[in-house]
Amino acid sequence: MNDEPYKLREIFNREMAGTHEVLYIADKLVQVFLPELYAHLEKQTVHTSMFSTQWLMTIYTSTFPFDLVTRVWDLFLSEGWKIVYKTFIALLMHAREDGDLINKNMEEILSYLRHFQSKVDGEKIITSASKIPLKHRHIQKYASEFRKLMEGGEMHVHEVIQRLLTFDDSTIASANSQLKKVHRFIRLKKQSDVSVQDFSPKMVPVAFEAKLAVMISDALSPEECAELIQRAKDQSYDDVLIRQDGMKASQHVAKCSRAIVKDFDLAEELFQRIMDALENIPELAEKFVDAPWMKKKVDTPLRATGVNDNLHFLRFGVGESIAPLRDSTVTRGNETSCVTMHVYLNDNFKGGVTSFKGDRRYFDIKPKMGSILIFDQDLRHEECEVTKGKRYFMRTDVMYSPRPVIESTAQ
């Protein structure tokens, strides 16, 4: 717990450098995500450290309900401090609305924040936190900013805190501008436009069991798809031609072009869109998050932690395809992949279906622009030959890690 992504020792060492860094980052994030509330707090001379210190240094174990604490710690053990900051913002969003903080003075604000903690709905707060578009790069940006201020003793902790208190109209405008740039994507589609098709029952005749196979339609807008296609072109594609021993020159296992883009923020955004789409289908969301079919292979329960940020952009011309195969498992630290993800970027071509193959039966899925297909990596599948036009899609993996077990002792 003293190394990344936790670094708890730095919080409680003699200099408490980690404590000041966490408070600095939290304060900056309030400026970005809640600029109007931040301005009102500053006007009332309420600094965020007046309430954030107890919340963040104990990671909400001091006075918050147990159902919130266990949910936060479950995710904290998986991904580190990001969930702590997202929960902090979600709590302030809830307090702003429920407590009408914008219309309260200093004493009323602090009184409300002291008493509302024991009454919050843990599930509601975590749901709100999961929708906050906070990225690791935002946390890293403010952590680096804090360390530069502290380097060589150029600025002491009290001076850093004093600098945080400087907030004027230009800062508010800047914060609003930052908030608009948080998403790489423009989100032209409303969540209500997204539809989900569960193809898992269709896998029974093919794989002899209901393997996970889900299509999320209209998860990306046409503009977003075009942006991703152009981004891959800018990266440049490399030809991929794989033959097995003994194959003729005209035969191949895989023939296409590929560009590999590493993008943690884009991977996070795509994972969040999957979670948003499955939010109102709890049985399907649970299946995706918990990967119950893996119980036969691993002893420890798993939990989906995100999307592999090595994104493979594939381009198929006429006559190009990938022969039937099962995707290889990817491991990264204590994470392992269990699910493949396809993001279909266009559909103005002929042929090129994704076909799941059994010994005697098959099931075809026709790519639709803007759709995301997620499926069990153990499913044998083929990217069939394109007969007209060019096909573009992106593939990567959904990563899983052992689910932390939090034991409670009855008092």
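Keep in mind that what you see is a predicted model, and the values were worked out from it rather than measured.

A. Seen up close, the nonpolar core. With 50 residues, the main nonpolar core has Trp55, Leu56, Tyr60, Tyr85, Phe88, Leu91 and Leu113 as its most contacted residues. Listed by contribution, the elements that provide at least two residues to this core are helix H2 (17–33), helix H3 (35–43), helix H4 (49–57), helix H5 (66–79), helix H6 (82–98), helix H7 (106–115), helix H8 (122–130) and helix H9 (136–150). Here this core takes nine residues from H6, the largest share from any one element. Among all residues touching Tyr85, those that are not within four sequence positions of it are Val22, Ile25, Ala26, Leu29, Leu134 and Ile139. In this structure, Leu266, Ile274, Ala304 and Val307 belong to the second largest nonpolar core, which totals 42 residues.

B. Fine view of the pairing of strand E7 (residues 321–325). Taken together, the two bridges between strand E4 (residues 254–262) and E7 define a ladder with antiparallel strand orientation. Looking at E7, one finds that Lys255 is bridged to Ser321. Pairing analysis gives two bridges linking E7 to strand E14 (residues 381–383), with the strands arranged antiparallel. Along E14, the bridge assignment pairs Leu325 with His381.

C. Quick look at unusual backbone geometry. Non-glycine residue Thr45 carries a positive phi angle of around 55°. Along the polypeptide, Thr45 turns up in the loop between H3 and H4. The backbone phi angle of Ile59 is positive, close to 50°, even though this residue is not glycine. A residue is classified by how much of its surface remains accessible, and Ile59, at 3% relative accessible area, is buried.

Cut-offs used in this document
Residues numbered from 1 in each chain as written. Predicted model: local features only at pLDDT ≥ 70, side-chain atom pairs only at ≥ 80, totals over all residues. Heavy atoms only, no water. Core = buried A, V, L, I, M, F, W, Y, C linked by side-chain atoms within 4.5 Å. Buried < 20%, exposed > 50% of the residue type's maximum accessible area, 1.4 Å probe, protein only. Helix = DSSP H or I, 4+ residues; strand = E, 2+ residues; numbered from the N terminus. Contact = heavy atoms within 4.5 Å. Pairing = 2+ DSSP bridges.

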